[in-house]
Structure formats: structure tokens, C-alpha cells
Amino acid sequence: MGVLSCVKYLMFVFNVLVFAGGICLVSVGVWVAVDPAGFQDIVAAKPVLSVGAYLLLAVGIALSLLGFLGCCGALRRSRPLLLVFFILVSLVFVTQLVGAVLFLAHWKQIRPELFLSELRRNYCGDEGAEVFSVAWNTLMVTFSCCGVLGPEDFGNGSRFQELHPGMPWPQACCARDGLLQAGELLGWEQCQERSPGYIHEQGCFPTFSKTLQKYISVPGMCSLAVLGIEIFAMFFAFCLYYNFD
């Protein structure tokens, strides 16, 4: 197998990977867009999540088309297709770099105030049947956290206090003998008295922030892998373009 054949084969493999990655992004975007579990209502940020879903769809479709275009250009030995592929991948590469820089520059600026205001305005308590309250109850029980910043989030002026004036915070903030909501409370009276071990003192925002910082390397490595694949794809497209007649 000659050098040109090897480059052609590697070009095909890389574009298959790009195509597969695009299909995965399209799948995730469709899942978020149709919102099967109703988690768009966990905060009143539905437009933000919708934009994110459609952005995933757009990027996924673009990558799928690019992968298909690259495969066709390599298999058909078409210089025009390879040139178009090289230009489009270069544009995507630059866009991803800009997006990564903006994300790293601004992701730490996310503040809990938005989530806190929505929680105080919309959370109805343990018996709340609307999606917002159910989602928050599930999160607080599952992740052993309370409110956005802590139990004080459910104080005076909140909708929860208006509906339950005799309760300092919901039972979802109390420790249980299991992770599921079906688990029994260790002690409701002790929880109301804020006894150590019977209430979750930490808010959900710090909990999620620590989890995000712990696992931020995973999406970071995936992004670097995608950028690496795109660099190799551009290099192989460049080589094939100047070697095909």
C-alpha cells in the first residue's frame, strides 16, 4: 500500500469518526429539544436550554455533512470536494477555538442569584406537583443538598414560606436512610431544629460546582480530541488535494 493510499484510508477513517460524532450530537440535541423528562422547567431558563439544544443540532448536522463530504472527496478522488471540505473544516475549527476561549473566560462568572430567585419564586414544597418543584425535590434528595445556597433559601418572602408558614424548609432538605425519595427521614423534628446529621446544610449550587470542577477534564479532553481529529482531517485533505489529478 502506497503513501497516497494510506493517506486516503486515514482520511476516510477520520471522516467516519467526524460523521459518527455529528450523529451523536444530533441525537443529544433532539433528546434535549423534545425534553422527555421535563427538566427544562427546573429553572425558568427554558429559552437557554432550547438554544443549547438547537445549537447541538446545528453542530451535529454540520459535522455529519462534513464527514460525509470528506468521505466522498477521498473515495471519489475529487479535488473540488476536498477543497470545500478543507475550507469548511477550517471554519469549524476556528469557531470551536473561539467558543472554547469564550467558555473558559466566562464559565466561572455564572452566579447562583438567578437560580435562587427562581427557586424562591416558583418552588411550592414537597407536595408540589408541578415539574419545577418535583425536579428540585429530586435533585435535593438525590444529591443530598438543600436549596441553591442552603436552607436559608426557603426563608421569608419565598413562595414556599407563603404556602407552608410553619416549616423552615422542605423535607427534601432532610437526611434520609437512602438516596431515593422513598427513603424514610432520619428525623423530621431534628431536621427542623437543624441538628447535625439530620439536615443537608450545603446548597445544590456549590455541590454542582464541585462536581463540574471535578469532571471538567472529561469534556475538555473530548474537545481536544475533536480538535485533533479536525487538524488531521485538514492535513490529509490538503495532502490528497495536491496529489490527486
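Just above, that's the structure.
To keep things clear, this report deals only with the structure shown in the data block. (Residues numbered from 1 in each chain as written. Predicted model: local features only at pLDDT ≥ 70, side-chain atom pairs only at ≥ 80, totals over all residues. Heavy atoms only, no water.)

1. Side note on the environment of Cys239
Put simply, the test is: To qualify as a helix, a DSSP run of H or I must reach at least 4 residues; to qualify as a strand, a run of E must reach at least 2; elements of each kind are numbered from the N terminus.
Summarising the element assignment, Cys239 is placed in helix 9 (residues 217-243). The sequence separation of Cys239 and Met11 amounts to 228 residues, and the corresponding C-alpha distance is 9.8 Å.

2. A few points about the packing of aromatic side chains
Note the following rule: Two rings from Phe, Tyr or Trp (for Trp, the six-membered ring) form a pair when their centres are within 6.5 Å of each other. A pair whose planes differ by under 30 degrees is stacked, one over 60 is edge-to-face, and the rest are tilted. Under the scheme applied here, a residue whose accessible area is under 20% of the maximum for its type counts as buried, over 50% as exposed, and between as partly exposed, the area being computed with a 1.4 Å probe on protein chains only.
Enumeration according to the criterion identifies four aromatic pairs in this entry. An angle of 70° between the planes, with centres 5.5 Å apart, marks the rings of Phe154 and Phe160 as edge-to-face. Accessibility expressed as a relative area gives 1% for Phe154, which makes it buried.

3. A word on the side chain of His200
What counts is decided by this rule: A 3.5 Å cut-off defines polar contacts: any pair of N or O atoms within that distance qualifies, except that in protein one atom must be a possible hydrogen donor and the other a possible acceptor, and neighbouring residues in sequence count only when both atoms are side-chain atoms. Contact criterion: two residues are considered in contact whenever any of their non-hydrogen atoms come within 4.5 Å of each other.
The residue His200 is located in the loop between helix 7 (188-192) and helix 8 (204-215) in this model. For His200, a relative accessible area of 15% corresponds to the buried category. From its side chain, His200 meets the backbone oxygen of Cys174 in a polar contact 3.5 Å long. With near-sequence residues (within four places) excluded, His200 lies in contact with Met140, Ser144, Cys145, Cys146, Pro151, Ala172, Cys173, Cys174 and Ala175.

4. A few points about a nonpolar patch on the surface
The condition that has to hold: Note on patches: the residues involved have over 30% relative accessible area and no salt bridge, like charges join within 9 Å, and the nonpolar side chains Val, Leu, Ile, Met, Phe, Trp and Tyr join within 5 Å. Using a 1.4 Å probe, the Shrake-Rupley method yields the accessible areas, and only the shown protein chains count as cover for residues. By definition here, a salt bridge exists when the distance from a side-chain nitrogen of Lys or Arg to a carboxyl oxygen of Asp or Glu is within 4 Å.
A grouping of Leu83, Val84, Ile87, Leu88 and Leu91 is seen on the molecular surface, where their side chains present a nonpolar patch of about 400 Å² in accessible area. Judged by relative accessible area, which is 40%, Val84 ranks as partly exposed.

Purely geometric numbers; function is a separate question.
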